[in-house]
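What follows is each chain in one-letter form.
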Amino acid sequence: MKLYEYMAKGVLAEAGVPIPRGRLCRTPEDAAAACRDLGPVAVKAQVLVGGRGKAGGIKVADTPGEAEAAARQILGMDLKGYTVETVYCEQKLSISQELYLSLTFDPGAKRPMLIASASGGMAIEEVPEKAIVKRGIPVAWGLQPYMAYQVARRLGLGGTLAREFSDLACRLYRVFVRLDAELVEINPLAVVDGHIMAADARLNVDDDAMARHGDLPKTDESTPLEAKVRALGLAFVQLDGDIAVMANGAGITMATLDVMQHYGGKPMNFLDAGGGSAAGPTAEALAILFSTRPKAVLVNIFGGITRCDEVAKAIVQVRQQQPAATDVPLVVRLVGTNEAEGHAILKAAGVDAFRSMQQAAERVVALAGESLPVQSGQ
Amino acid sequence: MKLYEYMAKGVLAEAGVPIPRGRLCRTPEDAAAACRDLGPVAVKAQVLVGGRGKAGGIKVADTPGEAEAAARQILGMDLKGYTVETVYCEQKLSISQELYLSLTFDPGAKRPMLIASASGGMAIEEVPEKAIVKRGIPVAWGLQPYMAYQVARRLGLGGTLAREFSDLACRLYRVFVRLDAELVEINPLAVVDGHIMAADARLNVDDDAMARHGDLPKTDESTPLEAKVRALGLAFVQLDGDIAVMANGAGITMATLDVMQHYGGKPMNFLDAGGGSAAGPTAEALAILFSTRPKAVLVNIFGGITRCDEVAKAIVQVRQQQPAATDVPLVVRLVGTNEAEGHAILKAAGVDAFRSMQQAAERVVALAGESLPVQSGQ
Amino acid sequence: MSVLVDEKTRIVVTGATGRQGSFHLGQMLEFGTRVVAGVTPGRQGQEVSGVPVYDTVETAVEKHGANAAVVFVPGTLAKDSVMECIDAGVPLVVVVSEHVPLHDAMVINAFAAERGAMIVGPNTYGLCAPSARCKIGIPPNSIFQPGPVGVVARSGTLSYELVGSLTDAGLGQTTVVGMGGDRVAGLNFIDMLKRFERDPETKVVVLIGEIGGTAEEEAAEYVKGMSKPVVAYLAGKSAPPGKRMGHAGAIIERGRGTFESKVSALTAGGAKVAQLPWEVAPLVKEALKA
Amino acid sequence: MSVLVDEKTRIVVTGATGRQGSFHLGQMLEFGTRVVAGVTPGRQGQEVSGVPVYDTVETAVEKHGANAAVVFVPGTLAKDSVMECIDAGVPLVVVVSEHVPLHDAMVINAFAAERGAMIVGPNTYGLCAPSARCKIGIPPNSIFQPGPVGVVARSGTLSYELVGSLTDAGLGQTTVVGMGGDRVAGLNFIDMLKRFERDPETKVVVLIGEIGGTAEEEAAEYVKGMSKPVVAYLAGKSAPPGKRMGHAGAIIERGRGTFESKVSALTAGGAKVAQLPWEVAPLVKEALKA
């Protein structure tokens, strides 16, 4: 779960990380009032996607009138598909240097990693590798001040700045661990009047650890449809095509999309019904897929634990109960335990059933009228 | 620094450890009011020493009148040399089992240790070794639930109690580490209505870590004199004798007391002026010693870093400035850098100066009029 | 003797009395696996499919000499269960639990490294050595068959699909291992490639990867030096960049971990990369002939 | 060659520009010790007694091949400084700092154990190998003399007293080590007794203990099996039970760690226990003759 900038900054401030003064505003009038209190401000769209600056989501205002106008422009704006509902008005900073600092994890080394650069203020993936300092952090001991100080020296910081950097990084690390964060990113980490402060902040919390952070504010970047499917505990992503797809397991779902695309089909979604999922949620998810009015639906189930006959029964039931479903061509690929029984149930209900993934994919693409000439092997 | 029971319980409650309801009371009237709110209570003297129960510092009261009477008896009471200034009125518990649980450190293994017993409610040193479960805790990983659960099983706990024990021990461990505790002790850890709660609590914080716990309430069990000397950063303990002693370094100070006692002297105090201490604090401490009106004073300085002449000058100055000092015989044993100069300064001021510890000890005992026939070597 | 487990592997199941744990305990027994004990705190004295249940792993190891564990407890409890297994001296811990928090996974791995234990997972289907009749985890029993192919994968059901297709083609397996779909996992591709390279019974290796992360690219470096042929299949060719596709790992970011980079790295490493799932078995057959 | 340090020991001083650090850096140089670098963050480029100062231990080690460190930073900063030394690969770290928090001392020791480093202290005066002209820490230079006696102690000034009395009696030392007065310390009596037992130049060992803790009782067990004579002196005979006497360790509790228990354990172990400080040198002389 991603936190909005203002939430992340609230968390950091509590942990003793210096941040600029600022205030969350829901209306242009709020923004004007904030500017009266704070002086010249940056009016910053609160959205969960990066790159809002370039997209016009940040405007500087020197007077309450300018702040009001800026907020009026930004509030309600569409930023990369998300509507801006709040702005954060923050005192305008006179920044003498922009650094970069983040904490994330290193899958290879299986431990946290600090990433820093003296070239902040731009996306870190645009900073050349040699301008980036990386430091693995031992899980057992955590980030120690000396480690962060070494990084500060490598960035070319000295004196007060090196000490402040080290202190700030250690505070950030405590937040990173305490909140089960995947990423804490300060970009830019600004030098203002010879001191370091977090001019921006991203904080992404591990979804798998949300249960132990009930006190955190909640955000959601799902579309309503995604939220509906995810509420069933299933992984779901909306795509641009028109053939709805469901399979059980992330890898097989991706492979199913790949195969279908190979035959010219355009997937409408990624829906992983889970490797060990029961017939119940699978059926509910299928019902939702039907409600999105696809050209056709492909279900690819490898029945390991769940028996094929149970899955078949659930599929048939959904098809019968969903008014939208009867018109939509449904292709099911079903293998595994009680496979024959499953196929019999499906066929009796008029559903196309296959043992071969290849045939099922070809069939659903044909039913959606999207078949392409296929070059085998490429 | 030791926390009072009520302070320790406040800390534990914040960490989610179940404790009985209770209230701190400063007057008998407070206690009566507490009993009206809480029902039958235990009125417990708040002192920093153990064994208050046996010493009459805990009384049970079923009515506000009884609570008032109990508080009247306990408040102002002298418990092992400490005057009771507050009582903690706590709901009377119907305890079905008393356990013991503490976290402390194991100097040999250099790590924290959990100590538990199914025989709680009495001093743990009176519990037979075989009824005690000890579990070393790896510093890097801390106390994990499974470790505490294993201990619970070894104590014979099962079901809910084992789970609650494990949860409580882990919470206690977090407090132990977060507060730099030397000891967290729950005795008894009580079973009440099938659930576990901390019926008493001790929490001793490492003095060397107090700087990072500025938010903790402060307690002090020093006598005014001890507080005065400790404020100089020196280690000081009042004893029962009449010869004041100061040396630099804990080991040499103890050895000086031993030697003096060997010759029949009775030490009035232990004052470690510190191995590397400067002449300044040494002089201030000496001035305090003179103010306690000892029969004689013995100063034993091994001048390593501090030069002997500096020490000698400081001693002479104190003696001249303290009206009480001139009548008190002063013996100084001084060796090390600039030894000869030091001795000259002392002799010029009429102070007995020795190079030999043996002679100095014999001399001060003689001056205090306490010499005994000595059996050499035993 | 297989590369991770063999006939002497004696398994303790944690979370044994849960829905998943008890079902798969039975399935493992049916496969022939020597499941010697279950663990669920508070359930000591019970049995699951005739296997005794204990309160602690310590006791299970003491009484039955278990030398491998499989963890079925819920994700947020997995850290404790895995550490308990390692602390009890179990050298191989297969973590089936899904939704293990990222920081817990890092702790588990650091603790395992300190104690010299091997973690498989979390969020793995487990592993199977068909000739040793040893399956630890949740894959369906029916897909396996003894033979010369070593399989290492990230995804579960995709593994079943491909292992099933191997078996259907008469190509049995020495050992099949799932690394699990999480971003921080114990055993990785290279760990397994090394073992397969050393294992005299393994003649060809199948690597089943997917977009996201750089594990396949790193594995490709090792493949270069291998004497045995490697056949790879990668899922996610059609995934749009920047969208999470279920597995936490399957996210395309910063130009790394793309389908193309993985295919070209593995190809450069000398692996044959199958374009479609049903091309894997024929490629393995070819490799065995060569 | 001495037991912990020798002519090739190259020392880095952390907290080198502080009052204590800079003074003792000079004293160590005067003794002949090879102090190669100092460290104080923010002071790189400065010098102390001609020794260059760096911002980090890493740099000091890189530039000067330091293989031992002595830590003079304030107690609450010692943990960071010691971990920095260990992480930079320094195998021996002498922690002079006083008032190191207990939990920090535990962390330092666990980290040192993981990395295979040796900690002396905290709250120690350090150590000295007179024949190697190597003194690390704060004892006065004048008290040492090369010779056959190994000394290991808890207290500082009491060590100076007794080492001084040995030197005055013509009894030089191979190595003198202070374990430090804190409750959780790195190197302990047994670690040193083992080294002295192995060291061909050490002919007799002096153990200087005090009341509190059980380190002396544990050492006594090891003394039993030693081929070399051990002379002990213990402070605290007159201390009343239950009162803290300066050193955190010097507290008599629960009937353990008393003067009597230490004397009887060491005597049973075969050590000669001196009753008074000035009896140590004569007992050592006797032991050397035997």
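Description of the structure in this document. The shown structure was predicted, so the numbers you read here are calculated from the model rather than taken from an experiment.

## Side note on the packing of aromatic side chains
The full count for this structure, using the stated rule, is 14 aromatic pairs over all chains. Ring geometry for Y4 of chain A versus Y6 of chain A: centroids 6.1 Å apart, planes at 15 degrees, classification stacked. Note on Y4 of chain A: relative accessible area 22%, which makes it partly exposed. Owing to a relative accessible area of 22%, Y6 of chain A belongs among the partly exposed residues under this scheme. Between F31 of chain D and F144 of chain D, the ring centres sit 6.1 Å apart and the planes meet at 80 degrees, which makes this aromatic pair edge-to-face. Separated by 113 residues along the polypeptide, F31 of chain D in helix 1 (residues 19–31) and F144 of chain D in the loop between strand 9 (134–137) and strand 10 (146–153) bring together distant segments of the chain. Judged on exposure class, the residue F31 of chain D and its partner F144 of chain D are both buried. An aromatic cluster of three or more residues is present, and its members are F302 of chain A together with Y125 and Y160 of chain C. Its end group placed over the ring of F31 of chain C, R133 of chain C keeps NZ or CZ at 4.3 Å from the ring centre.

## Re helix 7 (residues 215–224) of chain D
All names here are of chain D. For helix 7, the full list of buried residues reads E216, E217, A219, A220 and V223. All buried residues of helix 7 project into a common sector of 160 degrees when viewed along the axis, lining one side. Lining the buried residues of helix 7 we find helix 6 (189–198), strand 12 (204–210), strand 13 (230–235) and helix 8 (259–268).

## Focus on the interface of chain C and chain B
Listed per partner, the contact involves 16 residues of chain C and eleven residues of chain B. Roughly 1200 Å² is buried in total at the junction of chain C and chain B, and carbon and sulfur atoms are behind 53% of that figure. In this assembly, chain C and chain B are joined by three salt bridges. For E58 of chain C, the salt bridge is made with R154 of chain B, and the minimal N-O distance between the two is 2.7 Å.

## Concerning the sheet that holds strand 7 (residues 87–91) of chain A
Strand-to-strand pairing in sheets goes through backbone hydrogen bonds, with the strands running parallel or antiparallel. Residues and elements named next belong to chain A. If you walk across this open sheet you meet the four strands as 2-7-3-4, and the pairing is antiparallel. Sheet topology places strand 2 (22–25) and strand 4 (58–61) at the edges, where each strand pairs with a single neighbour. Along the sheet, successive strands turn relative to each other by an average axial angle of 20 degrees, direction set aside. Here four bridges tie strand 2 to strand 7, and the two strands are oriented antiparallel to one another. Opposite G22, over in strand 7, you have E90 as the bridge partner. Helix 1 (residues 5–14) rests against strand 2, strand 3 (41–45) and strand 7 of the sheet, and its axis sits at about 50 degrees to strand 7.

## What to know about the nonpolar core
Most often, soluble globular proteins keep nonpolar side chains buried together rather than apart. By size, the foremost hydrophobic cluster in this structure holds 164 residues, and its most contacted members are F165 of chain A, F165 of chain B, V93 of chain C together with V93 of chain D. With residues near it in sequence (within four places) discarded, F165 of chain B still touches L101, A116, A148, V151, A152, L155, L157, L189 and I196 of chain B.

Rules used throughout
- Note on numbering: residues in each chain are counted from 1, in written sequence order.
- Numbering of ligands from 1 and lettering of chains from A proceed in the order in which they are written.
- At least 70 in pLDDT is required for a residue's local features to be given in this predicted model, at least 80 for side-chain atom pairs to be given and counted, and no such filter applies to totals for whole chains, interfaces and linings, which use all residues.
- Calculation of side-chain values draws on the structure's entire complement of heavy atoms; hydrogens and water are dropped beforehand.
- What counts as a ring pair is set by centres within 6.5 Å for rings of Phe, Tyr and Trp (its six-membered ring), and what kind of pair is set by the plane angle: stacked under 30 degrees, edge-to-face over 60, tilted for all other angles.
- Note on exposure labels: buried denotes an accessible area under 20% of the residue type's maximum, exposed denotes more than 50%, and partly exposed covers the range between, all computed with a 1.4 Å probe on protein chains only.
- To qualify as a helix, a DSSP run of H or I must reach at least 4 residues; to qualify as a strand, a run of E must reach at least 2; elements of each kind are numbered from the N terminus.
- Distance and angle both matter: a charge sits over a ring if NZ of Lys or CZ of Arg is within 6 Å of the ring centre and within 35 degrees of the ring normal.
- Arc, as used here, means the arc of the directions from the helix axis to the C-beta atoms.
- In what follows, residue pairs with any heavy atoms lying within 4.5 Å of each other are defined as contacts.
- What gets called buried area is simply the loss in accessible area from a 1.4 Å probe that two parts show on being joined, summed for both.
- The salt bridge criterion pairs a side-chain nitrogen of Lys or Arg with a carboxyl oxygen of Asp or Glu, the two atoms within 4 Å.
- Between any two strands, pairing holds if DSSP finds at least two bridges.
- Whenever a helix is involved, its axis is fitted only over the stretch in contact; in every case the axis is a line through C-alpha atoms, and angles between N-to-C directions fall within 0 to 180 degrees.
- What we call a nonpolar core is a set of buried Ala, Val, Leu, Ile, Met, Phe, Trp, Tyr and Cys residues that are connected through their side-chain atoms within 4.5 Å.

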